[in-house]
Amino acid sequence: MIKHIISHLKSQTPLIHCITNYVTVNDVANVLLACGGSPIMADDIQEVAEITSICSATVINIGTLNTRTIDAMLTAGKKANELGHITVLDPVGAGATKLRTETTLRLLNEIQFSVIKGNISEIKTIYQGSGTTKGVDADISDIVTENNIDEAIALAKELSKKTNAVIAITGVIDIIADSKKAYIIKNGHAMMSKITGTGCMLTAMIAAYCASNTNDILEATAAAVSAMGLCGEMAYLQTQKANAGTSSFRMHLIDAISKLDDETLTGGCNIEIRE
Amino acid sequence: MIKHIISHLKSQTPLIHCITNYVTVNDVANVLLACGGSPIMADDIQEVAEITSICSATVINIGTLNTRTIDAMLTAGKKANELGHITVLDPVGAGATKLRTETTLRLLNEIQFSVIKGNISEIKTIYQGSGTTKGVDADISDIVTENNIDEAIALAKELSKKTNAVIAITGVIDIIADSKKAYIIKNGHAMMSKITGTGCMLTAMIAAYCASNTNDILEATAAAVSAMGLCGEMAYLQTQKANAGTSSFRMHLIDAISKLDDETLTGGCNIEIRE
Amino acid sequence: MIKHIISHLKSQTPLIHCITNYVTVNDVANVLLACGGSPIMADDIQEVAEITSICSATVINIGTLNTRTIDAMLTAGKKANELGHITVLDPVGAGATKLRTETTLRLLNEIQFSVIKGNISEIKTIYQGSGTTKGVDADISDIVTENNIDEAIALAKELSKKTNAVIAITGVIDIIADSKKAYIIKNGHAMMSKITGTGCMLTAMIAAYCASNTNDILEATAAAVSAMGLCGEMAYLQTQKANAGTSSFRMHLIDAISKLDDETLTGGCNIEIRE
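Model, not experiment: these values are computed from the prediction.

Okay, the overall build of chain A next. Within chain A, the secondary structure is distributed over eleven helices and nine strands. Radius of gyration (C-alpha) of chain A: 17 Å, near the 19 Å computed for a compact globule of 275 residues. Counting only C-alpha atoms and orienting by the principal axes, one finds that chain A spans roughly 45 × 40 × 35 Å. For chain A, buried positions account for 64% of its 275 residues. Taking as baseline every contact in chain A between residues at least 6 positions apart, the subset at least 24 positions apart corresponds to 73%. Of the accessible surface of chain A, which amounts to about 9,500 Å², a share of 49% is contributed by carbon and sulfur atoms. Both charge centroids of chain A, one from 22 positive and one from 29 negative side chains, sit 2 Å from each other.

Below, the discussion takes up the relation of the copies chain A and chain B. The operation relating the two chain copies consists of a rotation about an axis and a shift along that axis. In screw terms, the move from chain A to chain B is a rotation of 120° and a rise of 0.0 Å along the axis, fitting with an RMSD of 0.0 Å. Taken together, these values place the two copies in the relation of a three-fold axis. The rotation axis passes nearest to the C-alpha of A:Y22 in chain A, at a distance of 3.8 Å. Each copy contacts the other with its own distinct surface, as only 10% of the interface residues of chain A are interface residues in chain B too.

A few words on the interface of chain A and chain B. The partner chain B presents 28 residues to the 30 residues of chain A that form the contact. Approximately 2,400 Å² of surface area, both sides summed, lies buried where chain A meets chain B, with 51% of it carried by carbon and sulfur atoms. Across the chain A-chain B interface, the total number found is one salt bridge. Between A:R100 and B:E47 there is a salt bridge, with the nearest N and O atoms lying 2.8 Å from each other. The interface formed by chain A and chain B contains 15 residue pairs in polar contact (both at pLDDT 80 or more). At the level of elements, helix 5 (98–110) and helix 10 (246–259) of chain A are the ones that each hand at least two residues to the side of chain A that touches chain B. By residue number, the principal contributor to the side of chain A that touches chain B is helix 10 of chain A, which donates five residues.

Time to look at the sheet that holds strand 8 (residues 182–185) of chain A. All names here are of chain A. Pairing within the open sheet is mixed, and its nine strands lie in the order 2-1-3-4-5-6-7-8-9. The outermost strands of the open sheet, each flanked by one partner alone, are strand 2 (38–41) and strand 9 (271–274). Adjacent strand axes in the sheet meet at a mean angle of 20°, parallel and antiparallel pairs treated alike.

Right, let's get into the relation of the copies chain A and chain C. For the pair chain A and chain C, the relating rotation is 120°, the translation along its axis is 0.0 Å, and the fit reaches an RMSD of 0.0 Å. Taken together, the interface assignments show that only 11% of the residues at the interface of chain A recur at the interface of chain C, consistent with different surfaces on the two copies.

Turning our eyes to something else, we now look at the nonpolar core. Within the largest apolar cluster, 177 residues are counted, with the highest numbers of intra-cluster contacts made by A:Y209, B:Y209 and C:Y209. When near neighbours in sequence (up to four residues on either side) are disregarded, C:Y209 contacts C:I5, C:I6, C:L9, C:A220, C:A223, C:A224, C:A227 and C:L260.

Let's shift gears to the interface of chain A and chain C. With 28 residues of chain A at the interface, the matching set in chain C holds 30 residues. Here chain A packs against chain C, burying approximately 2,400 Å² in sum over the two surfaces, 51% of which is carbon and sulfur. Its largest share of buried area at the contact with chain C, chain A owes to A:N26, A:L33 and A:E47, together 20% of the area lost on that side. Scanning the region where chain A abuts chain C turns up 15 residue pairs in polar contact (both at pLDDT 80 or more). For the side of chain A that touches chain C, the elements supplying multiple residues, two or more each, are helix 2 (25–35), strand 2, helix 3 (48–53) and helix 10 of chain A. Residue classes in the side of chain A that touches chain C are distributed as 14 nonpolar, six polar and eight charged.

With respect to the helices, strands and loops of the structure, A:R250 is situated in helix 10. Between the C-alpha atoms of A:R250 and A:Y236, which are 14 residues apart in sequence, the distance is 9.3 Å. Dropping the residues within four chain positions of it, A:R250 is found in contact with A:D27, A:I195, B:N26, B:N30, B:R250 and C:R250.

What counts and how
Along each chain, the written sequence defines residue order, and numbers are assigned to residues from 1. Chains and ligands are labelled by the order in which they are written, letters from A for the one and numbers from 1 for the other. In view of the model being predicted, local features appear only for residues whose pLDDT reaches at least 70, and side-chain atom pairs are presented and counted only at 80 or more, with totals across whole chains, interfaces and linings using the full set of residues. Note that the side-chain values use all heavy atoms of the structure and ignore hydrogens as well as water. The secondary structure listing takes helices from DSSP runs of H or I that are at least 4 residues long and strands from runs of E that are at least 2 residues long, numbered from the N terminus. Each radius of gyration is computed over the set of C-alpha atoms, and the globule rule expresses the reference value as 2.2 Å times the number of residues to the power 0.38. For the exposure calls, accessible area comes from a 1.4 Å probe over protein chains only, and a residue counts as buried if that area is under 20% of its type's maximum, exposed if over 50%, partly exposed in between. Contacts are assigned to residue pairs that have any heavy atoms within 4.5 Å of one another. Surface accessibility follows the Shrake-Rupley procedure with a 1.4 Å probe radius. Residue values consider only the protein chains on display as shielding. Two residue types count as positive, namely Lys and Arg, and two as negative, namely Asp and Glu; His and chain ends fall outside the count. To locate a charge, take NZ of a lysine, CZ of an arginine, CG of an aspartate or CD of a glutamate. We place the copies in one frame by least squares, fitting the C-alpha atoms of every residue whose pLDDT is at least 70 in both. When two components associate, each loses some accessible surface as probed by a 1.4 Å sphere; the sum of these losses over both components is called the buried area. Each salt bridge in this description consists of a side-chain nitrogen of Lys or Arg and a carboxyl oxygen of Asp or Glu lying within 4 Å of one another. Here a polar contact is recorded for every N or O atom pair within 3.5 Å, except that within protein the pair must consist of a potential hydrogen donor and a potential acceptor, and residues adjacent in sequence are included only if both atoms are side-chain atoms. Strand pairing is defined by DSSP finding a minimum of two bridges between the two strands. To get an axis, fit a line to the C-alpha atoms, keeping to the stretch in contact for a helix; angles then go from 0 to 180 degrees between the N-to-C directions. Here, the term nonpolar core denotes a set of buried Ala, Val, Leu, Ile, Met, Phe, Trp, Tyr and Cys residues that are joined through side-chain atoms within 4.5 Å. Ten residue types, Ala, Val, Leu, Ile, Met, Phe, Trp, Tyr, Cys and Pro, are classed as nonpolar, four, Asp, Glu, Lys and Arg, as charged, and the remainder, Gly among them, as polar.

Worth remembering: the numbers are spatial, not functional.
Here it is, written out as structure tokens:
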């Protein structure tokens, strides 16, 4: 793990420009602040280039995609590329509708992303250029297990080669890969899927981790994914202790993110390298 | 009460397509997950029909109505009708502005809803085809009490006959009726009106309860209304015990929804039938 | 302090029309309910004038400005002026982009605001008619300290003269001024900047405090600023006691707002007058 990765982040407070969905936008902003970054949400075509210019990273999340903001996404992404900023794509629901699939492919065609993060169905859709995702969750038939993990790693590596981006496939087992190297992460808890927004929060955290640790995007992404999972584990323990429910879990999750330090992450991360 | 109504819901995890307002959308998504469903929010005209097609129910909530999404609401609603899906309307603020009243009437004209849920002022506006609601809360002059409840029941039954939908009038006393039968529900707590979104959350819960219990929409709606009220009562006790405030109440409310089971609902529901 | 300022608010439950950003809109609605007001969010040009007409105050917050809603802001503000309602402007990020600066100046040109609330960088942008804010936080070079406070007070008084509005400059030290008199407020806690939305929540609270205490807008604004800061202090103590994080802090903040009464505010406010 990158030494002092969270200290780097907290000492730099990188500004992260998010063009994201209106369902989880508040959680995304709070998680960016909690992990040590600072959020700016702006999606009007007239100002996105200026906003991108004062930030360190740009997050594009198509969770509630609408045609008004597609051009703003393209403008922000191209500006970020021009400035050499970190760019992270979360293709929420790619494969579920023609609009989402086509927009995802167009974004990938016109923007060079640093990291692409999705569930296995979304990543397959990108790889194949088409898809049949049922909604915003991964199809059961696609889910990564110990049995098919080698195929999933191969997919991630190939897609990384094709897109020149770090690929993060999230699920019960997470796979983070570039064209040569893959990290397998087994942090996390099932309760994370019982609240909305853990995926969107993670995407923003990846941007903050990468923006403050630009010398190793692959490892910074793996660290962010592990950190989110570890905080999920800690939040579950707190929730269980109080015999509480999903809303308490959400609070404990963001609390844990705000309190996480390098030592706790190093002690709790469950990361394995497969080269 | 439908036997095993919550078990049905939890075993089916119905996908619910919500075109809803941006004030409470995060709560709505979290409540759908908490009660056992799964949310998808999408409101762009180019994709709503496809999203509706992969869901079991469609929720239309006009809380922050804007002209961009009206056509998306109509498209989604018609598609849901075509597929025989559950459709639930929450005409937030109908009667408060011309745009809301006219849009509500247009939606009712072009879409067959399974359930229409509103406060007494909104329901009166629909019945009369015009209205003078003061904002998004019921007018004091309209509020349902023991003294005027028979009139309100008659109104609900007549509107159900006219619209062929189950009518849910929410307030201190809730009335759920079709053209023949009415349920009177006395669950709930005053603190529910001190947080935003309990009405929107309930609308989404009704959709999830109905989508997984399609053989009795009237009773599924009554169960959802009673469940939300009962969780409000339990959340109040938790809040009071900790001498806490409205934000804790919101957390305890969603916690209670996530932990509610058939036994607790059967034991705590306060439902009376008036045929 | 205005005697019984919170009792006035709670007895009147003023309706507040908010055209605000989608990042913190849910918190804004919950804080309005918590403090004793009632929120209505509406931003479609076709209905904003009607919504404004049934409210007591109008809040315009440009946090996620988009060109669709600028005309709605102008229409709502002019209607509020026509009716003599309280109007509050939060020029979030003015100075950061051309769109935000120009929109802010246009709003100020066409609408008479009762209160303008911003951080020192935003207020300087308004005063100078241009700016170079880095994002939505105040520039470090601008921050108000004991050393430059007299300049900041002079700026606030001059801008108040120019705009005929009460000016609220928020930061570690808050300055609330009209053309003759200034209040210096030292309530608050650093953790307030670790969650999103405290500024937006405060803007809405100012509107509610002013709408129910119209005879002294300056003092009502100072009271709201002090109240928010005091609740931040109390929330910090709760958070610290539980060794919790930023999400717990947010909950305790809104809890404290919902429980605040005149006695606690009078006892805890840290306000100094500089004439």
